[in-house]
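Structural overview
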Amino acid sequence: MPERTDLQGRHIVLGLTGGIACYKSAELVRLLTKAGATVQVVMTEAAEAFITPVTLQALSGRPVVSSQWDAREPNNMAHINLSREADAIVIAPASADFMAKLVQGRADELLSLMCLARPRERCPLLVAPAMNREMWSHPATQRNAQALLQDGAHVLGPGSGDQACGEVGDGRMLEPAELLDELIAFFQPKVLQGQRLLITAGPTFEPIDPVRGITNHSSGKMGFALARAAQEAGAQVTLVAGPVHLPTPRGVARINVMTALQMFDAVLPLAAQNDVFIATAAVADWRPASLSEHKIKKEGKKVAPTFELTENPDILAAVAQVPQGPYCVGFAAESERLLEHARAKLQRKGIPLIIGNLGPATFGRDDNALLVVDAQTHHALPADGSPTDKLTLARALMAELAQRLQAVAP
Ligand code: C5P
């Protein structure tokens, strides 16, 4: 798959303050530039005690700036020039001391001076705290974190776990890959702010005996991409996932299930609490009527065993019947006559929107081509029908969904 360039055209000023997590910022620079961003690193004196500007210059391809008296700037106003060019300022790691300085509006060195001088309405400030757990939980730091939020900054993390000092707890800087995802999400339009989305994804597994079962080739990738895109768009997302080995998108609440019945039991109680339900799961239509307690043995048997199958409940159709239920979106994986089958399914399940795709062409793949079908209209996504990566499609679907929700809003 080609590398994603979700930050193409973005200019990030990355500020490093004093903390052992500075070594991770080198990796962050690499990830940001790989994602298409240009990165200007600014370091405090304390940061330079942990990692050298040489490393960060080499990775960012730009000389690091660390002094407000830097004569390389023609007007000698690094704090103004840097913040006027930036699409965002990210402080990672942000020490307890630096957070306190930001809160007080102090400006006695370049980085804090630049943060204070930034045009707040167009240059957001994102702060990734990194410190010992006692420092993080101290009321002074907690007050400062709250004050930063009130002043319009965004606080990323911190994470929890092993700390360089040997203690365990809250205060670790988020991992570089997590910070990258946070930043990518930050720049996505918040078209679903405040909406609650419930999404099913992946296959189900219907056991025959303790070691065997009936399942299918659904990889869960489309449903996981939708969950990520919805979260990036500002929604609160619950993802009910069949057995797949995909990482949970950041900020998404995940419920793992195996069988269609478990998926039904997980989804139905949540249906009325959500604004939207998107069913991408490839739910098995049938399950063995009874589960053999022990492994069905081959030895001594001349004829193959037979099983009786019984029908699984249709989760989507059931959610569509919930009084004051969510806006329901189905998926139709077909092998031919997509529009015809998708529209028939829309009517059969009593839902306002269905997304058709060619199942065999997309199962397990990173790209897909969709047909968006409602009762009257249909259109291809992307418009030219060419296969597109699932996250890009998922983001486009969220924009489409937001418009449709607005149209049906009371
Ligand atoms: O009827 P069919 O399985 O083709 O419909 C597909 C759509 O219905 C998908 O959105 C799928 O997630 C949903 N579905 C469901 N429960 C089932 C079967 C399908 O939610 N038992």
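Residues numbered from 1 in each chain as written. Predicted model: local features only at pLDDT ≥ 70, side-chain atom pairs only at ≥ 80, totals over all residues. Heavy atoms only, no water.

This next bit is on the state of the cysteines. What the rule picks out here adds up to zero disulfides. Among the cysteines around C123, which has no disulfide bond, C115 carries the closest sulfur, lying 8.3 Å off. The thiol sulfur of C165 is not disulfide-bonded, and the nearest other cysteine sulfur, from C22, lies at 16 Å. Judged by relative accessible area, C165 falls into the partly exposed class, the value being 48%. (Disulfide = S-S within 2.5 Å. Buried < 20%, exposed > 50% of the residue type's maximum accessible area, 1.4 Å probe, protein only.)

Turning to the nonpolar core, a few remarks are in order. Counting 36 residues, the largest nonpolar core has L197, L226, I278, M398 and L401 as the members making the most contacts within it. Elements that contribute at least two residues to this core include exactly β8 (196-201), α10 (221-232), β11 (236-241), β13 (276-279), β16 (327-334), β17 (353-358), β19 (370-373) and α15 (390-408). In terms of residue count, the dominant contributor to this core is α15 (eight residues). Ignoring any residue separated from it by four or fewer positions in sequence, one finds L226 in contact with I199, I278, T280, F331, A394, L397 and M398. Judged by nonpolar contacts, the second largest core, of 34 residues, contains C22, L32, M43 and M173. (Core = buried A, V, L, I, M, F, W, Y, C linked by side-chain atoms within 4.5 Å. Helix = DSSP H or I, 4+ residues; strand = E, 2+ residues; numbered from the N terminus. Contact = heavy atoms within 4.5 Å.)

Let us now look at the packing of aromatic side chains. For any pair of aromatic rings, the description rests on two quantities: the centre-to-centre distance and the angle between the ring planes. A full pass over the atoms with the stated rule returns one aromatic pair. Measuring from centroid to centroid gives 5.5 Å for F186 and F187, while their planes differ by 80 degrees, and the two rings are edge-to-face. Over the face of the ring belonging to F187 we find R10, whose NZ or CZ atom lies 4.1 Å from the ring centre. (Phe/Tyr/Trp six-rings, centres within 6.5 Å; stacked < 30°, edge-to-face > 60°. Lys NZ or Arg CZ within 6 Å of the ring centre and 35° of its normal.)

Sheet architecture is open: eight strands sit in the order β12-β11-β8-β13-β16-β17-β19-β20, paired in mixed fashion. Looking along the sheet, the strands with just one partner apiece sit at the ends: β12 (253-256) and β20 (378-381). Strand-to-strand twist of the sheet, defined as the mean angle between neighbouring strand axes without regard to direction, takes the value 20 degrees. Sheet topology note: the β19/β20 ladder contains four bridges and is antiparallel. Paired with L371 across the bridge in β20 is A380. Across the sheet, α10 touches β8, β11, β12, β13, β16 and β19, and the angle it forms with β11 is around 165 degrees. Contacts between helix α13 (residues 338-349) and the sheet are confined to β16, β17, β19 and β20, with β17 contributing the most and set at about 145 degrees to the helix. (Pairing = 2+ DSSP bridges. Axes fitted to C-alpha atoms, helices over the stretch in contact; angles between N-to-C directions.)

Right, let's talk about the site of the ligand for a bit. Looking at the ligand, the residues that line it are A279, T280, A281, V283, P313, D314, I315, L316, G330, F331, K345 and K349. Take A281: an N or O atom from its main chain is 2.6 Å from an oxygen atom of the ligand. At 3.0 Å, a backbone N or O of I315 approaches a nitrogen atom of the ligand. Counting residues per element, the ones that place at least two in the shell around the ligand are α12 (315-320), β16 and α13. Tallied by class, the residues present in the shell around the ligand amount to seven nonpolar, two polar and three charged. (Near = heavy atom within 4 Å. Polar contact = N/O pair within 3.5 Å; in protein donor to acceptor, adjacent residues only side chain to side chain. Nonpolar A, V, L, I, M, F, W, Y, C, P; charged D, E, K, R; others polar.)

Let us look at helix α6 (residues 110-117). Note: α-helices contain 3.6 residues per turn, so residues at a spacing of three or four share the same orientation. Extensive coverage of α6 is indicated by the burial of seven of its eight residues. Of the residues making up α6, those classed as buried are L110, L111, S112, L113, M114, C115 and A117. Buried residues along α6 sit against β1 (11-16), β2 (38-43), α4 (78-85), β3 (88-94), α5 (96-104) and β4 (125-129). Where α6 begins, the capping side chain belongs to E109, and its oxygen is found 3.0 Å from the backbone nitrogen of L111.

A few words on the packing of α4 against α6. Packed helix pairs are specified by the crossing angle of their axes together with the interaxial distance, meaning the distance between the axes. Their axes nearest at 8 Å, the elements α4 and α6 cross at an angle of 55 degrees. Classified by the angle between their axes, α4 and α6 sit oblique to one another. Here α4 runs over α6; the crossing is right-handed. Facing α4, whose interface residues are A78, H79, I80, L82, S83 and R84, α6 presents L110, L113, M114 and A117. Considered class by class, the residues forming the contact of α4 with α6 number seven nonpolar, two polar and one charged. (Parallel < 35°, antiparallel > 145°, perpendicular 65-115°, else oblique. Left-handed = near helix turned anticlockwise from the far one by under 90°.)

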